[in-house]
Amino acid sequence: MLTVENTTTWLVTFTDKITQQTAYLSELDQAIGDGDHGSNMARGTTAMKAKLENTAFTSVSELFKVAAMTLISTVGGASGPLYGSAFLAMSKQAEASTEDVPAIIKAGLEGIQKRGKAERGEKTMVDVWAAALDALDTNTLTHHTIEEAVHETKHIQATKGRAAYLADRSVGHLDPGAVSTGYLFEAMLEGDIIQ
Amino acid sequence: MTQAHFGVVIVSHVPELAKGLVALLKESAKDVPITYSGGTDDGDIGSSFTNISQAIEENTADEIFAFYDLGSAKMTLEMVMEMTDKQIHLMDTALVEGAFTAAALLQGGAPLERIMQQLKPLTVK
Ligand SMILES: Nc1ncnc2c1ncn2[C@@H]1O[C@H](COP(=O)(O)OP(=O)(O)OP(=O)(O)O)[C@@H](O)[C@H]1O
Ligand SMILES: [Mg+2]
């Protein structure tokens, strides 16, 4: 179950991971994109963390909404509207129930797909969101399953996002958004959200 | 000219690109309300929710043809569209050709259907 407290910890831990890996994420994006995924995500999550730490939330739904709006207005790249749409959809779902964590993640995935129109297997963050949801549904979300899902993107040819312009030259590289999504679910694991 | 009903909004990752395209359009569409958003809040390359919202709100027209360059420009435009009262036609055309076609036809007073019809073959995304 999500609470204001564990959701704050989750997203703050996510921010800290992004901050630590900013250069690495940008380096991944340099290979198959425009080299800004790390700085985009660092700018966005740092602003989000500040908002989370300085606001007294009365609900998880409200927390996700503020997180979403902050990312949408600060990230500056595709990951802004994508993570933003995920968190907005999660905010809606959390209004209905904070008990069912897979349902919240499912809403997030649907939010991303509504925004970016990517299906699974197009070498985007969708691949890791979808794999994490599968794992949550079967109680098998571990560092290992997350890592596997992230690594899977290396072998795929991109058909959405900037990397799609590279066609078969995108093969052999990790998708930066998949890697940052990996950090989101690592942070979830570390946050005692799922038992 | 009476207050125009239709306007054009340009959204690009690069401030100079957006600004330059507007200069090109204005040559053939001096009476059409055209506004733009280029780059991030800090003027770097990327997209800004705030700048795009502003370009839409500052445009004196109520119904807008919006043109964009790549990925996040479109997605951010869509987020703004969900939060504005204005009617926005998000066009997946080649940026320069599409925007020029719309602006020139609007200057000539063409109706919506006619403009849509001419934009359709310019769809590239
Ligand atoms: N249509 C999409 N659907 C899902 N995920 C996407 C899509 N487009 C891009 N992504 C994800 O976003 C990541 C890139 O994020 P980043 O912040 O670098 O934006 P960007 O691609 O530079 O944005 P821009 O569109 O401005 O070029 C990719 O690695 C991918 O995971
Ligand atoms: Mg990028």
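Parameters and conventions
The written sequence of each chain sets the order in which its residues are numbered from 1. Chains carry letters and ligands carry numbers; both start at the beginning, A for chains and 1 for ligands, and go up in the order they are written. Predicted model: local features are reported for residues with pLDDT of at least 70 only, side-chain atom pairs are reported and counted for 80 or more only, and whole-chain, interface and lining totals are derived from all residues. Hydrogens and water are ignored here; the side-chain numbers use all heavy atoms of the structure. Secondary structure counts use DSSP, requiring at least four H or I residues in a row for a helix and at least two E residues in a row for a strand, with both numbered from the N terminus. Every residue pair with non-hydrogen atoms within 4.5 Å of one another is taken to be in contact. Because water is not among the atoms used, a metal site may look incomplete, as its donors are only the N, O and S atoms within 2.8 Å, or 3.2 Å for Na, K and Ca. Under the scheme applied here, a residue whose accessible area is under 20% of the maximum for its type counts as buried, over 50% as exposed, and between as partly exposed, the area being computed with a 1.4 Å probe on protein chains only. A quick way to say it: buried area is the sum, across both parts, of accessible area lost when two parts are put together, with a 1.4 Å probe. What counts as a salt bridge is simple: a side-chain nitrogen of Lys or Arg found within 4 Å of a carboxyl oxygen of Asp or Glu. Definition of nearness: a residue and a molecule or strand are near each other if at least one heavy atom of the residue lies within 4 Å of the molecule or strand. What qualifies as a polar contact is a pair of N or O atoms within 3.5 Å, subject to a donor-acceptor requirement within protein and to the restriction that residues adjacent in sequence count only when both atoms come from side chains. Only the protein chains shown count as cover for residues, and all accessible areas are computed by the Shrake-Rupley method using a 1.4 Å probe. Note on residue categories: nonpolar means Ala, Val, Leu, Ile, Met, Phe, Trp, Tyr, Cys or Pro, charged means Asp, Glu, Lys or Arg, and polar means any other residue, Gly included. Axis angles are defined between N-to-C directions and span 0 to 180 degrees, where every axis is a line fitted to C-alpha atoms and, for a helix, only to the segment in contact. For classification purposes, angles smaller than 35 degrees are called roughly parallel, those larger than 145 roughly antiparallel, those between 65 and 115 roughly perpendicular, and all remaining angles oblique. The hand of a helix crossing depends on one turn: near helix anticlockwise from the far one by less than a right angle means left-handed, and clockwise means right-handed.

**A few points about the side chain of threonine 153 of chain A**
1) Next: Inspection of the secondary structure assignment puts threonine 153 of chain A in the loop between helix H8 (143–152) and helix H9 (176–190).
2) Next: Ignoring sequence-local partners within four residues, the contact set of threonine 153 of chain A consists of Lys123, Asp127, His173, Leu174, Asp175 and Ala178 of chain A.

**Structural notes on the coordination of the magnesium ion (ligand 2)**
Residue and element names in this part refer to chain A.
1) Next: Around the magnesium ion (ligand 2), the donor atoms from the protein are Asp29 (OD), Asp34 (OD) and Asp36 (OD), and they sit 2.0 to 2.2 Å away.
2) Next: In primary-sequence terms, the residues that donate to the magnesium ion (ligand 2) follow D-x4-D-x1-D.
3) Next: Given the relative accessible area of 17%, aspartate 36 is considered buried.

**Structural notes on unusual backbone geometry**
Apart from glycine, the bulk of residues carry a negative phi angle, and the bulk of peptide bonds sit in the trans form.
All names here are of chain A.
1) Next: Look at lysine 123: it is not a glycine, yet its phi comes out positive at around 65°.
2) Next: A positive phi is found at alanine 167, a non-glycine position, where the angle reads about 50°.
3) Next: With respect to the element layout, alanine 167 can be found in the loop between H8 and H9.
4) Next: Under the relative-accessibility criterion, alanine 167 is labelled partly exposed at 31%.

**Looking at the interface of chain A and chain B**
1) Next: Between chain A and chain B, the contact holds 17 residues from the first and 15 residues from the second.
2) Next: Overall, the association of chain A and chain B removes approximately 1300 Å² of surface from exposure, summing both partners, and the carbon and sulfur fraction of that is 59%.
3) Next: Three residues, Ile72, Gly76 and Arg115 of chain A, lead the burial of chain A against chain B; their summed loss comes to 37% of the area buried on that side.
4) Next: Summed over the shared surface of chain A and chain B, the number is three salt bridges.
5) Next: One salt bridge in this structure joins lysine 114 of chain A and glutamate 82 of chain B, with 3.7 Å as the shortest N-O distance.

**Focus on the site of ligand 1**
1) Next: Around ligand 1, 23 residues are found, and the nearest of them are Ser79, Arg162 and Asp175 of chain A together with His13 and Ser72 of chain B.
2) Next: Residue neighbours of ligand 1 fall on chains A and B, so the site bridges chains.
3) Next: Within the side chain of aspartate 34 of chain A, a nitrogen or oxygen atom sits 2.9 Å from an oxygen atom of ligand 1.
4) Next: Separating an oxygen atom of ligand 1 from a side-chain N or O atom of asparagine 40 of chain A is a distance of 3.0 Å.
5) Next: Compared with its free state, where it exposes 630 Å², ligand 1 has 95% of that area covered by protein.
6) Next: Breaking the shell around ligand 1 down by element, the ones donating at least two residues are helix H3 (37–53), helix H5 (79–96) and H9 of chain A together with helix H3 (71–81) of chain B.
7) Next: Tallied by class, the residues present in the shell around ligand 1 amount to seven nonpolar, eleven polar and five charged.

**Details of the packing of helix H1 (residues 4–20) of chain A against helix H4 (residues 60–74) of chain A**
All names here are of chain A.
1) Next: Packing of H1 against H4 brings their axes to within 9 Å, and their N-to-C directions diverge by 25°. In terms of orientation, H1 and H4 fall into the roughly parallel class. The element H1 and its partner H4 pack so that their crossing is right-handed. Judged by residue contacts, Val4, Thr7, Thr8, Trp10 and Leu11 of H1 engage Val60, Leu63, Phe64 and Ala67 from H4.
2) Next: A per-class count over the contact of H1 with H4 returns seven nonpolar, two polar and no charged.

**As for the pattern of salt bridges**
All names here are of chain A.
1) Next: Applying the stated rule across the entire model yields eleven salt bridges over all chains.
2) Next: Between lysine 106 and glutamate 110 there is a salt bridge, with its nearest N and O atoms 3.2 Å apart. Residue lysine 106 and its partner glutamate 110 are located together in helix H6 (residues 101–116), separated by four residues, close to a single helical turn.
3) Next: Here glutamate 110 falls in the partly exposed class, since its relative accessible area comes to 42%.

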